[in-house]
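Listed here are the chains, written in short residue letters.
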Amino acid sequence: MAGREAVKRAVQQVRPILSVDREEARKRALNLYKAWYRQIPYIVMDYDIPMSIEQCRSKLREEFVKHRQVTDIRVIDMLVIKGQMELKETVEIWKQKGHIMRYWKESQDPKPTDFLSKFIQGVN
């Protein structure tokens, strides 16, 4: 029994990546959101995106809301780190216009299941 308890404690006590508690992780995520929000007009101008600033900001909000249910501090920190890397790559113009436009690409369309839909789309 003592071995199981030690394993439980070791699993529960993982080292944080950046944030010590949930509030600090929240502040990091908000700071990342604000940084993206401030950079959107420049991104639209630099990449000549055929979207308005308001559409880009609504897409930014959508991307952040998509991960709203995440509660693990380490996962939040990893998402913030990835967001910071994406922002740096975007601001430094290391990306191309296609990389930016990929945010508006809809997710994979489900493959058709019935015969007529397969026939129309040319799927074997």
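The residue numbering used here restarts from 1 in each chain and proceeds along that chain's sequence as written. Residue-level local features of this predicted model are given only where pLDDT is at least 70; pairs of side-chain atoms are given and counted only at 80 or more, and the full residue set underlies all totals for whole chains, interfaces and linings. Based on all heavy atoms of the structure, the side-chain values leave hydrogens and waters out of the count.

In the annotation of an unreviewed UniProt entry, the protein is listed under the name NADH dehydrogenase [ubiquinone] 1 alpha subcomplex subunit 6 and assigned to Drosophila navojoa. Here is the UniProt Subcellular location (unreviewed entry) comment for the protein, exactly as written: "Mitochondrion inner membrane". UniProt positions are given in the numbering used here, feature names are shortened, and annotations may be inferred rather than shown by experiment. Looking at the Sequence similarities (unreviewed entry) heading of the UniProt record, one finds this comment for the protein: "Belongs to the complex I LYR family."

A.B. asks: Mind laying out the packing of helix α2 (residues 22-47) against helix α3 (residues 53-66), listing which residues take part and the relevant values?
C.D. replies: When two helices pack together, their arrangement is given by the angle between the helix axes and by the axis-to-axis distance. Every axis in this analysis is a line fitted to C-alpha atoms, fitted for helices over the stretch in contact. Angles between the N-to-C directions lie between 0 and 180 degrees. Here a helix means four or more residues in a row that DSSP labels H or I, a strand means two or more in a row labelled E, and each is numbered from the N terminus. Close contact between α2 and α3 brings their axes to 9 Å; oriented N to C, the two are set at 155°. Comparing their axes, α3 and α2 come out roughly antiparallel. Relative to α3, α2 is oriented so that their crossing is right-handed. Contacts between α2 and α3 involve A29, L32, Y33, W36, Y37, I40, P41 and V44 from the former and I53, C56, R57, L60, R61 and F64 from the latter. Polarity classes work like this: nonpolar for Ala, Val, Leu, Ile, Met, Phe, Trp, Tyr, Cys and Pro, charged for Asp, Glu, Lys and Arg, and polar for all others, with Gly in that last group. Across the contact of α2 with α3, the residue classes tally to 12 nonpolar, no polar and 2 charged. The labels follow the angle: roughly parallel below 35 degrees, roughly antiparallel above 145, roughly perpendicular from 65 to 115, and oblique for the rest. Here a crossing is called left-handed whenever its near helix is offset anticlockwise from the far helix by less than a right angle, and right-handed whenever the offset is clockwise. The contact definition used throughout considers only heavy atoms, calling two residues in contact when any of these lie within 4.5 Å.

A.B. asks: Which residues make up the side chain of D77, and what values do they have?
C.D. replies: Tracing the sequence through the fold places D77 in helix α4 (residues 73-91). Within the buried core, D77 has no salt-bridge partner, and the shortest N-O distance to an opposite charge, that of R28, equals 4.7 Å. In terms of polar contacts, D77 uses its side chain to reach the side chain of S19, at 2.7 Å. Only protein chains enter the accessibility calculation, which uses a 1.4 Å probe. A residue is then buried if its area is under 20% of the maximum for its type, exposed if over 50%, and partly exposed in between. A residue counts as positive if it is Lys or Arg and as negative if it is Asp or Glu; His and the chain ends are not included. We define a salt bridge as a contact between a side-chain nitrogen of Lys or Arg and a carboxyl oxygen of Asp or Glu at a distance within 4 Å. Polar contacts, as counted here, are pairs of nitrogen or oxygen atoms within 3.5 Å of one another; within protein the pair requires one atom able to donate a hydrogen and one able to accept it, and residues that are adjacent in sequence qualify only if both atoms are side-chain atoms.

A.B. asks: Could you give an account of the pattern of salt bridges, naming the residues involved and the relevant values?
C.D. replies: Using the criterion set out here, one finds 7 salt bridges in the structure. R26 is the partner of E23 in a salt bridge, and the nearest nitrogen-oxygen pair spans 3.6 Å. Here R26 and E23 lie together in helix α2, a separation of 3 residues that amounts to about one turn. Among the residues examined, E23 registers a relative accessible area of 39% and is labelled partly exposed. The partner of K88 in a salt bridge is E92, with the nearest N and O atoms 4.0 Å apart. A residue is classified by how much of its surface remains accessible, and E92, at 42% relative accessible area, is partly exposed. Ionic contacts of the salt-bridge type, sharing partners, join the residues K59, E62, E63 and K66 into one network.

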